[in-house]
Number of protein chains: 2
Amino acid sequence: MNQLNQSFSVRFTYSISFTDGLFDSHNTLLADFLAAQSTEALRKKLLFVIDAGVLAHFPDLGDQIRDYFAGQTNVELVDDLVTVPGGEPAKNDPALVERIIDAVDRYGIDRHSYVVGVGGGSVLDLVGYAAAIAHRGIRHIRIPTTVLSQNDSGIGVKNGVNYRGKKNFLGTFAPPVAVFNDYRFLRTLDERDWRSGMAEAVKVALIKDAPFFDWIEANALALANRNEAAMQYLVYRCAELHMNHIAGGDPFEQGSSRPLDFGHWSAHKLEQLTGFSLRHGEAVAIGMALDCQYAHLLGYLSDEDLNRVLAVLETLGFALYDPALDQDDSAGVLRGLGEFREHLGGRLTILLLRGIGYGEEVNEMDETLLRQAIHLLANRQPTLALD
Amino acid sequence: MNQLNQSFSVRFTYSISFTDGLFDSHNTLLADFLAAQSTEALRKKLLFVIDAGVLAHFPDLGDQIRDYFAGQTNVELVDDLVTVPGGEPAKNDPALVERIIDAVDRYGIDRHSYVVGVGGGSVLDLVGYAAAIAHRGIRHIRIPTTVLSQNDSGIGVKNGVNYRGKKNFLGTFAPPVAVFNDYRFLRTLDERDWRSGMAEAVKVALIKDAPFFDWIEANALALANRNEAAMQYLVYRCAELHMNHIAGGDPFEQGSSRPLDFGHWSAHKLEQLTGFSLRHGEAVAIGMALDCQYAHLLGYLSDEDLNRVLAVLETLGFALYDPALDQDDSAGVLRGLGEFREHLGGRLTILLLRGIGYGEEVNEMDETLLRQAIHLLANRQPTLALD
Ligand SMILES: NC(=O)c1ccc[n+]([C@@H]2O[C@H](COP(=O)([O-])OP(=O)(O)OC[C@H]3O[C@@H](n4cnc5c(N)ncnc54)[C@H](O)[C@@H]3O)[C@@H](O)[C@H]2O)c1
Ligand SMILES: NC(=O)c1ccc[n+]([C@@H]2O[C@H](COP(=O)([O-])OP(=O)(O)OC[C@H]3O[C@@H](n4cnc5c(N)ncnc54)[C@H](O)[C@@H]3O)[C@@H](O)[C@H]2O)c1
Ligand SMILES: [Zn+2]
Ligand SMILES: [Zn+2]
């Protein structure tokens, strides 16, 4: 009578659907999903929260959504479509969490209803967070509208907002009940958002799937030139690899291994040093270049593999160097190493590539070699992409 | 290439330890737990958040905790012990969530560190919530100090705070990494807090375990008279039944069946109608009495069983009627039925007892019979408890 032991598992399932024109009147994907979920003759409510940056390019989206649900009997769209600013500002303003929570309250959205987020990774992180904490978790549907959110951030299990300027300081692990990737949204992305999400595809290919890297290499120019078919495959395959990783590993990150953080220790620091003027993917591209250059100096990565990685990143249009890499040590990117170590709980674990498609974890990095790697990137002659 | 399906399970394990004097210098329970969890030569940080109502009765607790950890090498107590008001006010003030989050930030508490909550169910709900949203979930240890929190709220997987006066409007499902039930704390509870937590033990006995009800019945007078050995067994057995229920069922309440809500539809409403001057357990006692009286009118429950239930509740010291039960219908307890239906997503499910230890779900309640049941409770002659 002095100890009880508890142990249980919680199962999570969701699907990611890929489509073009989710709210077209003839597209029944979303309606079918909702119909399949509905239990009785009970109308479930839907609360939409939409990225203002998306609405700017799709001014009819609100009407389209209203029309789409007008004829449906088993779901009820609440009166408002809530709009929030897009991009990182979505995650910086606590009043936006409250705006969503207040809508949940006002419209009586309960655990049988849905909160639907439409937008980039930032808006989805915000909406996912608000949905996760309201009533201990309302069913949440994600409709990601950027490359990054369709192939990475929007399909996973994390959400988060910033707190007093600290990135993702508040958040939870809370899987959505469904994700709908609508390729139509990708057409209006600006160059940088089209490109930067591809960094995560390169990353996951490099650490897990050499044939996917070969494919990206063969299609790099097409991707850079906004070939839609190529982008659709990239998004699909990258999403698939991420999902397999989540399911096969440690979905709620209870342990401390984080292989998907390849290239990220310096990327996080670069984003911060540049005041987030670098997009996450842009910083990750530089971070991967740095760690590959370093792995090459260490004798881990061959000349050929190094050159392939750097050339693919350049062909996709990424810069491989940013002056912030070179700031003096006390405030510079090397400090990111110490912060990453602390973040991991005191023991540094960095994945370095040994070849395309596989890596090896190391527990320290040599600062002299790292400086040399930075120097090489600073003085590199970019690959010429031939159109 | 138009759908991917995700499916994974996340395992949660934790233990509940029972002790008397957790922070006595010779008591190694907590130190042993922390030592077993520590991976490397790495000092993990501990942030304590303590119920001011507990500190009022244990003014040396802070010093005791500091002394306890002074000699320990693998954990590091951060400089502050955070104090928060006890009782429902802990859950009503958003500034308290921030106070904990800010301490997490200031002391660099990360996902490898611990947030330890010491207090009643209210403080544990607050601390558990803050720990769950900081860094997407910091390891959380609970040290419940009331009967209710030791046998029910503190050993489960839920947390929550109130939002604009709405009870538990914000919260998550987030299991602790460990619970330490220290019986010493129970000695200083006032009469009402000693008693009210026992309502949940009666509840779980009534719906799941007739022999436990027999035991409560046999020990009701001892329990009412603050016999410690009896209370310790009650807490232990009730905790065990709750844990089995959680593990065997639907821990994160993804479905809609909620058998542990026996007696709760009217209890929630009564708490609200009385402006929370009724304790949760006091309201649950009335709610169970009402539903048993109703089940008896319906022919579900025998005379003998009804009388046993009501007599046990009265012997424990519970009132079985409150004037709020009788308020006019528009605002009264019967409205709780509609709200509970809505809360369940449109379909009412109420557990009614068919006998001691087992119930049956019904999907409607007859208002005339309910009024009759209320009338019977209002005019009941209480059982005389013979000392
Ligand atoms: N939760 C996770 O697991 C995870 C993983 C990686 C990154 N993230 C987060 O994702 C965020 C970045 O997301 P992002 O890269 O999708 O960018 P974003 O959400 O910050 O959006 C960038 C800009 O694009 C606009 N936009 C969105 N969709 C558009 C469209 N279809 N057409 C035109 N403009 C559009 C937005 O309004 C915004 O101005 C970061 O906050 C990052 O922390 C989260
Ligand atoms: N999370 C869950 O699953 C769950 C389940 C049921 C109830 N709850 C919540 O629990 C809360 C009620 O908790 P409770 O009944 O433990 O009461 P409480 O936490 O509200 O505390 C009642 C009073 O007792 C004081 N107190 C605490 N420990 C004491 C001690 N050892 N000696 C003297 N005084 C002490 C407190 O300071 C407070 O003034 C409610 O908010 C309810 O919603 C949560
Ligand atoms: Zn990333
Ligand atoms: Zn209860």
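Just above, that's the structure.
What counts and what doesn't
Residues numbered from 1 in each chain as written. Chains lettered and ligands numbered in written order. Predicted model: local features only at pLDDT ≥ 70, side-chain atom pairs only at ≥ 80, totals over all residues. Heavy atoms only, no water. Helix = DSSP H or I, 4+ residues; strand = E, 2+ residues; numbered from the N terminus. Rg over C-alpha atoms; globule rule 2.2 N^0.38 Å. Buried < 20%, exposed > 50% of the residue type's maximum accessible area, 1.4 Å probe, protein only. Lys, Arg positive; Asp, Glu negative; His and termini not counted. Charge placed at Lys NZ, Arg CZ, Asp CG, Glu CD. Donors = N, O, S within 2.8 Å, 3.2 Å for Na, K, Ca; no water. Least-squares fit on C-alpha atoms with pLDDT ≥ 70 in both. Contact = heavy atoms within 4.5 Å. Core = buried A, V, L, I, M, F, W, Y, C linked by side-chain atoms within 4.5 Å. Pairing = 2+ DSSP bridges. 1 Å grid on protein atoms, 1.4 Å probe; cavity = no way out; pocket = protein on both sides within 12 Å on 5 of 7 lines; lining within 4 Å. Points joined across faces, edges and corners; volume = space filled by probe spheres on them. Salt bridge = Lys/Arg side-chain N within 4 Å of Asp/Glu carboxyl O. Polar contact = N/O pair within 3.5 Å; in protein donor to acceptor, adjacent residues only side chain to side chain. Nonpolar A, V, L, I, M, F, W, Y, C, P; charged D, E, K, R; others polar.

Draft legend 1. Structural view of the overall build of chain A. Per the secondary structure count, chain A includes 16 helices and 10 strands. In terms of overall size, chain A behaves like a compact globule, its C-alpha atoms giving a radius of gyration of 22 Å where 387 residues would be expected to give roughly 21 Å. In terms of principal-axis extent, the alpha carbons of chain A reach across some 70 × 65 × 35 Å. In chain A, which comprises 387 residues, the share counted as buried stands at 59%. Each charge class in chain A can be summarised by its mean position, and for the 34 positive and 51 negative side chains these summaries are 5 Å apart.

Draft legend 2. Seen up close, the coordination of the zinc ion (ligand 3). Residue and element names in this part refer to chain A. For the zinc ion (ligand 3), the protein coordination sphere consists of Glu200 (OE), His264 (NE2) and His280 (NE2), at 2.0 to 2.2 Å. In the primary sequence, the donor residues of the zinc ion (ligand 3) line up as E-x63-H-x15-H. With glutamate 200 in helix H9 (residues 198-208) and histidine 280 in helix H13 (residues 280-297), this residue pair connects regions lying 80 residues apart in the sequence. A residue is classified by how much of its surface remains accessible, and histidine 280, at 22% relative accessible area, is partly exposed.

Draft legend 3. Seen up close, the relation of the copies chain B and chain A. Structural alignment of chain B on chain A gives an RMSD of 0.0 Å, achieved by rotating through 180° and translating 0.0 Å along the axis. As the rotation angle and translation indicate, the two copies are arranged about a two-fold axis. In this assembly, 100% of the residues forming the interface of chain B have copies in chain A that are likewise at the interface, indicating an isologous arrangement.

Draft legend 4. Broad picture of the nonpolar core. Of all hydrophobic cores here, the largest spans 172 residues; its most connected members are Ile216 of chain A together with Ile216 of chain B. One finds Val84 of chain A together with Leu47, Ile109 and Val115 of chain B within the second-largest nonpolar core, a separate group that totals 56 residues.

Draft legend 5. Summary view of the pairing of strand S4 (residues 114-119) of chain A. Residues and elements named next belong to chain A. Across the six residues that make up S4, a large majority, six, are buried. Side-chain alternation along S4 places Tyr114, Val116 and Val118 on one buried face and Val115, Gly117 and Gly119 on a second face that is also buried. The pairing of strand S2 (residues 44-51) with S4 spans five bridges and is parallel. The residue of S4 that forms the bridge with leucine 46 is tyrosine 114. Relative to strand S5 (residues 139-144), S4 runs parallel, the two being bridged by six bridges. Among the inter-strand pairings, glycine 117 is bridged to a residue of S5, identified as arginine 142.

Draft legend 6. Representation of the layout of surface pockets. When its volume is computed, the second largest pocket comes out at roughly 650 Å³. As for the second largest pocket, its lining consists of 28 residues, of which Pro94 and Glu98 of chain A together with Pro94, Val97 and Glu98 of chain B are closest to the centre. Elements supplying a minimum of two residues to the lining of the second largest pocket: helix H5 (94-106), helix H6 (121-133) and strand S6 (161-163) of chain A together with helix H4 (89-92), helix H5 (94-106), helix H6 (121-133) and strand S6 (161-163) of chain B.

Draft legend 7. Fine view of the coordination of the zinc ion (ligand 4). All names here are of chain B. Binding of the zinc ion (ligand 4) to the protein goes through Glu200 (OE), His264 (NE2) and His280 (NE2), at separations of 2.0 to 2.2 Å. Each donor residue of the zinc ion (ligand 4) lies on one chain, and together they are spaced E-x63-H-x15-H. Here histidine 264 lies in helix H12 (residues 264-273) and glutamate 200 lies in helix H9 (residues 198-208), a separation of 64 residues in the sequence. For the pair glutamate 200 and histidine 264, a shared accessibility class is recorded, and that class is buried.

Draft legend 8. Looking closely at the pairing of strand S7 (residues 166-170) of chain B. Bridge count for S6 of chain B against S7 of chain B is two bridges, and the pairing is antiparallel. Paired with valine 161 of chain B across the bridge in S7 of chain B is leucine 170 of chain B.

Draft legend 9. Fine view of the interface of chain B and chain A. Listed per partner, the contact involves 68 residues of chain B and 68 residues of chain A. Applying the counting rule to chain B against chain A returns six salt bridges. With its nearest N and O atoms 3.0 Å apart, the salt bridge here joins arginine 164 of chain B to aspartate 102 of chain A. Connecting chain B to chain A are 39 residue pairs in polar contact (both at pLDDT 80 or more). Residue assignment for the side of chain B that touches chain A shows that the elements contributing at least two residues are strand S1 (3-19), H5, H6, S7, helix H11 (228-248) and helix H15 (334-343) of chain B. No other element matches S1 of chain B, which puts 16 residues into the side of chain B that touches chain A. Its residues assigned to classes, the side of chain B that touches chain A shows 30 nonpolar, 22 polar and 16 charged. For strand S1 (residues 3-19) of chain A and S1 of chain B, the ladder comprises 15 bridges, and the chain directions are antiparallel. When the sheet's bridge partners are listed, serine 9 of chain A is paired in S1 of chain B with arginine 11 of chain B.

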